[in-house]
Amino acid sequence: MSYSQIEVKLPAKPRNPFPVWVALALITLWWIIWDLDISFETLAYGVSDMAEYFSRYGQPDFSELSRYLELLGVTLATALWGTAIAFVIGFMIAPFAARNFTPHPSLYYISREFLNFTRALPDLLLALIFVAAIGLGPLAGALALGIHTAGFLGKFFAESLEQIDKGVCEGVAATGANFPQMVMYAGWPSILREALGYVLYIFDRNVRMAAVLGLVGAGGIGLALHDTLRLFNYDQAAALILIILLTILVIDYLSAWIRKKLT
Amino acid sequence: MKVFMLRWPTRNGLPPFGFVALLVIALLSLILTAPLVEIELERLGQSLGNFSEFIVNFMVWPNFDYLPTLGVKLLETLQMSLLATAIAIVISLPLGFLAARNATCHPVVYRITRDALSLMRSLPELVWALVFVSAVGLGPLPGIMALAFVTVGFMGKFFAEAIETIDPKAVEGVEAHGASWMQVRLFAMFPQAFPNLAGTMIYVLDHNVRAATILGIVGAGGIGYDMVMSMRLFQYDRLILIALSIYLIVTVLDRLSDYLRNRIIHGAKQ
């Protein structure tokens, strides 16, 4: 008896839908390229032009450095105030949006929905609205950043609060603590480090956004960049981009360092 | 008022030194920077009045004639983010391997790729959009380029981290068969990292849709341009529709990406 005579019953070969997905994705992409009318010819022609274009950024012009640094200061201050506003709002709303702390389920849903709402509105749209409402300047930017990131901070805080050990909450509840006492003694002390890390992360993010809020007139270094590019002052634009890049890298590094120390 | 008479759970009932120091530093820097942000009590009161006056403008009936144009613009926004994400995936996959400590070909390449990726993601999309608009002109193309550029920075880093956390046993097993350098990466590392990668892709797509909604502010395509224009021309009946549609799209996408990522990372049961 040889092997060929044994009836081998193999399990059915699993279907592999991967090629189908790839094909669908390619068709979609092809349709998008056709629909948006993107011609790769111009892109290919542009490669040599592109090299020439970027060489124009070769000599950064720092002659107006003091003005740029002032704008940078405004940008950082906007980010700081935005983070502070976000922290205050998030701090107050998070306990209501945490399932184990909220006084009533309906409050849970309302606060969650509120946080989602502020997160879903882009900060530049908020900045546009605030600029139109209270005038040009960094105050509008700080408010926009604050309201937008309050949604993030509130959500992060609430999720950390939900992960607190049950024993801690029960221990405090057993002393007859009411809602604010629960939050202040069982809630925040347990997540202090995590919360600080989140605040730093949000500050980091806010600095990046504050650098571009100037585009809609909400103060800071973004407007200067916009103006220099409009006037084709590539030397000044290069200086501004370098300043923004350096600031972001420094703050990125600092916040990563502090967050590492916290954990 | 019992809430405010907190006794701290320390020996003397006072807050710990580190906490007080942090609070003082934060408050001091806030007060010192207040003039830069033009925060003055007088002005705040005035702006509150202005704001309540302004918000009345939004109590208008939406202009539904605008809906078809809005649909086209929203579709363009979604298309831009999809295309940018696809381009970024193609570019960042190889970069991710080079930037992963266990898959790179040389430590120097690892360092360079890491630094290049962090440089790419350090500037916000809008700055790149500004630069690319002045390079290739108005339209969705500079927007796509800016999105893809920044996204490569993010995705390359996430990919590298996903590859670094794989189980080395499978790699050893495949290596023991005499697999080549490329085969080890393709058949031992990639399949293990794939669920994580797919989760990242969805997250990045979500991020890109958010970013694409505002790129139009600098003329890089999408709904952002209409948003700025209707604000400048005081067409609140349009603006309210735009804001609502952005809110809807972002919310739906947020939920969808949460759901999909849970499914991919934790399996279909959850």
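Residues numbered from 1 in each chain as written. Chains lettered and ligands numbered in written order. Predicted model: local features only at pLDDT ≥ 70, side-chain atom pairs only at ≥ 80, totals over all residues.

Colleague: I'm lost on the overall build of chain A in this one. Help?
Modeller: In terms of helices and strands, chain A carries 10 helices and 0 strands. The order of helices and strands in chain A, counted from the N terminus, is α-α-α-α-α-α-α-α-α-α. In summary, chain A has a C-alpha radius of gyration of 26 Å against a globular reference of 18 Å for 263 residues, an excess of more than 25%. Over its C-alpha atoms, taken along the principal directions, chain A stretches across nearly 80 × 70 × 35 Å. Looking at chain A residue by residue over its 263 residues, the buried ones come to 42%. (Helix = DSSP H or I, 4+ residues; strand = E, 2+ residues; numbered from the N terminus. Rg over C-alpha atoms; globule rule 2.2 N^0.38 Å. Buried ≥ 20, exposed ≤ 12 C-beta atoms within 10 Å, placed from the backbone.)

Colleague: What should I look at first to understand the overall build of chain B in this one?
Modeller: The secondary structure content of chain B amounts to 10 helices and 0 strands. Relative to its length of 270 residues, chain B is extended, with a C-alpha radius of gyration of 25 Å against a globular reference of 18 Å. Taken along the three principal axes of its C-alpha coordinates, chain B extends 75 × 65 × 45 Å. Across the 270 residues that make up chain B, the buried fraction comes to 39%. Contacts spanning at least 24 positions in sequence make up 70% of the contacts within chain B whose residues lie at least 6 apart. (Contact = placed C-beta atoms within 7 Å.)

Colleague: What exactly am I supposed to notice about helix α1 (residues 17-33) of chain B here?
Modeller: Side chains of residues three or four places apart in an α-helix project in the same direction, reflecting 3.6 residues per turn. With 17 residues, α1(B) should reach 24 Å at 1.5 Å per residue; the first-to-last C-alpha distance of 24 Å fits that figure. Taken across its 17 residues, α1(B) has 1 buried, putting it largely on the surface. (Expected span 1.5 Å × (residues − 1).)

Colleague: Just to check I follow, could you spell out the packing of helix α5 (residues 123-134) of chain A against helix α6 (residues 138-162) of chain A for this structure?
Modeller: Helix-helix packing is described using two parameters, namely the angle between the two axes and the distance between the axes. All names here are of chain A. At a minimum axis separation of 8 Å, α5 and α6 run at an interaxial angle of 140°. Relative to α6, the element α5 lies oblique. The element α5 and its partner α6 pack so that their crossing is right-handed. Of the residues in α6, those in contact with Asp123, Leu126, Ala127, Phe130, Val131 and Ile134 of α5 are Leu139, Ala140, Gly141, Leu143, Ala144, Leu145, Ile147 and His148. Of the residues assigned to the contact of α5 with α6, the class counts are 11 nonpolar, 2 polar and 1 charged. (Axes fitted to C-alpha atoms, helices over the stretch in contact; angles between N-to-C directions. Parallel < 35°, antiparallel > 145°, perpendicular 65-115°, else oblique. Left-handed = near helix turned anticlockwise from the far one by under 90°. Nonpolar A, V, L, I, M, F, W, Y, C, P; charged D, E, K, R; others polar.)

Colleague: It is not clear to me how the environment of Asp115(B) should be interpreted in this structure. Could you clarify?
Modeller: Residues and elements named next belong to chain B. Along the chain, the position of Asp115 falls in helix α4 (residues 107-122). Assessed through the 11 C-beta atoms surrounding it within 10 Å, Asp115 is described here as exposed. Remark: the alpha-carbon pair of Asp115 and Gly153, spanning 38 residues in sequence, is separated by 9.6 Å.

Colleague: I'm lost on the domain arrangement of chain B in this one. Help?
Modeller: The parts lose accessible area when they come together, and the size of an interface is often stated as this lost area. When cut into domains, chain B gives domain 1 (2-58) and domain 2 (66-266). The straight-line distance from the C-alpha centre of domain 1 of chain B to that of domain 2 of chain B is 36 Å. (Domains from an automatic or database assignment.)

Colleague: Whenever I open this one, the packing of helix α9 (residues 221-230) of chain A against helix α5 (residues 125-136) of chain B confuses me. Can you help?
Modeller: Their axes nearest at 10 Å, the elements α9(A) and α5(B) cross at an angle of 5°. With respect to α5(B), the element α9(A) is oriented roughly parallel. Packed against α9(A), whose contacting residues are Leu225(A), His226(A) and Leu229(A), the element α5(B) presents Val127(B), Leu130(B) and Ser134(B) at the interface. When the residues that make up the contact of α9(A) with α5(B) are grouped by side-chain class, the tally is 4 nonpolar, 2 polar and no charged.

Colleague: In this structure, what is going on with the confidence of the model for chain B? I would like to understand it.
Modeller: Do not read the fine detail of predicted coordinates wherever pLDDT is low. Mean pLDDT for chain B: 83, with 94% of residues reaching 70 or above. Complex prediction metrics read pTM 0.81 and ipTM 0.77. (pLDDT = per-residue confidence, 0-100.)

Colleague: Explanation requested: unusual backbone geometry in the structure shown.
Modeller: In this model, Phe234(B) sits at a positive phi of 55°, which is unusual for a non-glycine residue. Structurally, the position occupied by Phe234(B) is in the loop between α9 (224-232) and α10 (236-266).

Colleague: Honestly, the environment of Ala127(A) in this entry has me stumped. Any pointers?
Modeller: Residues and elements named next belong to chain A. Tracing the sequence through the fold places Ala127 in helix α5. By C-beta crowding, Ala127 is classed as buried, having 31 other C-beta atoms within 10 Å. Remark: the alpha-carbon pair of Ala127 and Ala140, spanning 13 residues in sequence, is separated by 6.0 Å. Once residues within four sequence positions are removed from consideration, Ala127 is found in contact with Ala140, Gly141, Ala144, Leu213, Val216 and Ala218.

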